[in-house]
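# Survey of secondary and tertiary structure
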Amino acid sequence: MWKTLRQAARATVQLVAVAILAFGSYIFITVLLITATVSLAVVGIGLLPETVLLIRRIAGTKRRMATEWSGVEIPEAYLPIEGKLKEKLRTVVRDPGTRTDLRWMLAHYVYGALPLLMIPLWPVGLVVDGVWCGLLRREAVVLPLISGLADLDASWSATLLKPSPKAQLVERVEQLKATRADAVAAHGAELRRIERDLHDGAQARLVSLSMRIGLAKRAYDRDPEAARKLLEDAQDQAEEALTELRNVVRGIHPPILTDRGLVGAVRALASSSGLEVGVVDDGVEDGVRAPAAVEAGAYFVIAEALTNAAERAASATCSRTASAGSTSSSTPWTAWPPAARPSTPRWSPNSSPAAATPPSTPSPRANARS
């Protein structure tokens, strides 16, 4: 009986909140009528977007209430109301989420009166269930109806407020547009970086190389030694230009990733680093290879981290342990100064929480500074 009372009391609190929201919705109809009247007169049509935003807030409150009661999340899909007034009006009219909210609001004016049914249920339930449960030791039959009312309200709200497939498709299209714009911007920035690297690096060295070869040709007949020295400098310039070009190519996509995979590329980074670096493979090399973009991202993150550690390390050496999980596309790693380095890695993606503790240091640069 006490369990039934507690559940009924909890449902009563939920239904009271539903009743308050319904009462607010009944008052809000006045705002809708005023907005519709003014909009038809084409005088205050600018109120329409603000009214729709207010409806969205009311619907969002109802979604949260239904989710808290039922435990089932109700998604929402809206187009952003941005830009000038004409664009806002176009968005408001074409957004399927607006029609979904209006449909729910009209239905809510009817089933929003459900909380009123709990008023007679309480006195009847206390009497009937008190005798039924207290004397006859049977299960309650009236008070559980209050919880049923809350369940019914949450179920109807979830059905009415759930975005339509068209609304979800429209939202997905907008997300893809934003993603495409970000990708185009990133692509343009990368092209500018490559152009800048070629202009400031390899191109400058090739121009210097051409000038030195020209000077060597002029000085060859009258001063062979000076010409020889100029040719030696030109050879050095050619080697430096090749190095610059290799660095640019590696910046686009390291060839070693294609040839040796992520683990082999990281080991090559470790061997070429001026620090004491250790690489621990947790099964990446034997597992399924990650997509090329993921491997490239992990490679550049590790390369940048090693560079930062070398630049900011307090001592001449810095020990670093890198580990990669076979079920993860990322490459977590930790770093410690030589004096504080443990004999075994403190954490790996495949280790259990009880057996290992994740490193508390949030930043590789902070590890390098320590």
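Residues numbered from 1 in each chain as written. Predicted model: local features only at pLDDT ≥ 70, side-chain atom pairs only at ≥ 80, totals over all residues. Heavy atoms only, no water.

## What to know about the overall build of the chain
The cut-off we apply is this: Only runs of H or I of at least four residues qualify as helices and only runs of E of at least two qualify as strands under DSSP, and these elements are numbered from the N terminus. Per-residue accessibility, obtained with a 1.4 Å probe over protein chains only, is compared with the maximum for each type, and a residue is labelled buried under 20%, exposed over 50%, and partly exposed between these values. Note on contacts: a residue pair is in contact if any heavy atoms of the two residues lie within 4.5 Å. Accessible surface is estimated by sampling points in the Shrake-Rupley manner with a 1.4 Å probe; for residues, cover comes only from the protein chains shown.
Looking only at helices and strands, one finds 11 helices and three strands in the chain. Counting from the amino terminus, helix and strand elements in the chain follow one another as α-α-α-α-α-α-α-α-α-β-α-β-β-α. Here the chain holds 370 residues, and 34% of them are scored as buried. Once local pairs closer than 6 in sequence are excluded, the contacts in the chain between residues at least 24 apart make up 68%. Total accessible area on the chain is roughly 22500 Å²; 61% of this is exposed by carbon and sulfur atoms.

## Brief notes about the packing of aromatic side chains
Under the convention used in this document: The criterion for an aromatic pair is that two Phe, Tyr or Trp rings (for Trp, the six-membered ring) have centres within 6.5 Å, with stacked assigned to planes under 30 degrees apart, edge-to-face to planes over 60 apart and tilted to the rest.
Enumeration over the complete set of coordinates arrives at one aromatic pair. An angle of 85 degrees between the planes, with centres 5.5 Å apart, marks the rings of Tyr 111 and Trp 156 as edge-to-face. Of this pair, Tyr 111 sits in helix α4 (residues 96-111) while Trp 156 sits in helix α6 (residues 144-161); the two residues are 45 residues apart in sequence, bridging distant segments of the chain.

## Quick notes on the packing of α4 against α6
Inclusion rule: To define axes, lines are fitted to C-alpha atoms, for helices over the stretch in contact only, and angles between the resulting N-to-C directions are given on a 0 to 180 degree scale. In what follows, roughly perpendicular refers to angles from 65 to 115 degrees, roughly parallel to angles under 35, roughly antiparallel to angles over 145, and oblique to any angle outside these ranges. Crossing handedness is defined as follows: a turn of the near helix away from the far one that is anticlockwise and smaller than a right angle gives a left-handed crossing, while the clockwise case is right-handed.
The interhelical angle for the contact between α4 and α6, taken along N-to-C directions, is 155 degrees, at an axis separation of 9 Å. Put simply, α4 runs roughly antiparallel to α6. Judged by the twist between their axes, the crossing of α4 over α6 is right-handed. Side by side, α4 and α6 meet where Thr 100, Asp 101, Arg 103, Trp 104, Ala 107 and Tyr 111 of the first sit next to Asp 153, Trp 156, Ser 157, Thr 159, Leu 160 and Leu 161 of the second.

## Here we look at the nonpolar core
What counts here: Throughout this description, the term nonpolar core refers to a set of buried Ala, Val, Leu, Ile, Met, Phe, Trp, Tyr and Cys residues connected via side-chain atoms within 4.5 Å.
By size, the foremost hydrophobic cluster in this structure holds 31 residues, and its most contacted members are Trp 104, Met 105 and Ile 146. Mapped by element, the contributors of at least two residues to this core are α1 (2-40), α2 (47-70), α4, α5 (118-134) and α6. Counting residues per element, this core draws most heavily on α1, at eight residues. Beyond its immediate sequence surroundings of up to four residues, Met 105 is in contact with Phe 28, Leu 32, Ile 55 and Ile 58. In this structure, Leu 257, Leu 262, Val 266 and Leu 269 belong to the second largest nonpolar core, which totals 11 residues.

## Some words on the pattern of salt bridges
To keep things clear, this is the line we draw: For this analysis, a salt bridge means a side-chain nitrogen from Lys or Arg found within 4 Å of a carboxyl oxygen belonging to Asp or Glu.
Tallying each qualifying case throughout the model produces seven salt bridges. Across the pair Asp 153 and Lys 62 runs a salt bridge, and its minimum N-O distance is 2.8 Å. In this pair, Asp 153 sits in helix α6 while Lys 62 sits in helix α2, placing the two residues 91 residues apart along the sequence. The pair formed by Asp 153 and Lys 62 is uniform in burial state, with each residue classed as buried. Each of Arg 63, Glu 76 and Asp 101 takes part in one network of salt bridges that share partners.

## Thoughts on α6
Note the following rule: Take the residue count of a helix, subtract one, and multiply by 1.5 Å to get its expected span. Comment: arc refers to directions from the helix axis out to C-beta atoms.
Taking 1.5 Å as the rise per residue, α6 with 18 residues should run 26 Å; its terminal C-alpha atoms sit 26 Å apart, in good agreement. Buried within α6 are the following residues: Ile 146, Ser 147, Leu 149, Ala 150, Asp 153, Ala 154, Ser 157, Leu 160 and Leu 161. For α6, the arc enclosing every buried residue in end-on projection is 165 degrees, short of the 170-degree limit, so these residues lie on one face.

## Focus: helix α3 (residues 85-94)
By the burial criterion, the buried members of α3 are Leu 89, Thr 91 and Val 92. Taken around the axis of α3, the buried residues stretch over an arc of 165 degrees, which confines them to a single face. Facing away from the buried side of α3 by more than 90 degrees, the exposed set consists of Lys 86, Val 93 and Arg 94. Summarising the contacts, the buried residues of α3 are in contact with α2 and α4.

## With respect to the side chain of Gln 237
With respect to the helices, strands and loops of the structure, Gln 237 is situated in helix α8 (residues 224-252). Taking relative accessible area as the criterion, Gln 237 reaches 13% and is therefore assigned buried. Apart from residues lying up to four places away in sequence, Gln 237 is in contact with Arg 205, Ser 208, Leu 209 and Arg 212.

## Side note on a nonpolar patch on the surface
The criterion, for reference: What goes into a patch is any residue over 30% in relative accessible area without a salt bridge, connected to like charges within 9 Å or, for nonpolar side chains (Val, Leu, Ile, Met, Phe, Trp, Tyr), within 5 Å.
A cluster of nonpolar side chains, Val 124, Leu 126, Val 127, Val 128, Trp 132 and Val 141, forms an exposed patch at the surface whose accessible area comes to about 490 Å². Examined against the element boundaries, Leu 126 turns out to sit in helix α5.

## A look at the environment of Leu 160
With respect to the helices, strands and loops of the structure, Leu 160 is situated in helix α6. Each C-alpha atom of the pair Leu 160 and Met 105 lies 9.1 Å from the other, and the pair is 55 residues apart in sequence.

## Regarding the packing of α2 against α4
At a minimum axis separation of 10 Å, α2 and α4 run at an interaxial angle of 60 degrees. With respect to their mutual orientation, α2 and α4 come out oblique. In terms of crossing hand, the pair formed by α2 and α4 is left-handed. Here Val 52, Ile 55, Arg 56, Ile 58, Ala 59, Lys 62 and Arg 63 of α2 lie close against α4, whose contacting residues are Thr 98, Asp 101, Leu 102, Trp 104, Met 105, His 108 and Tyr 111.

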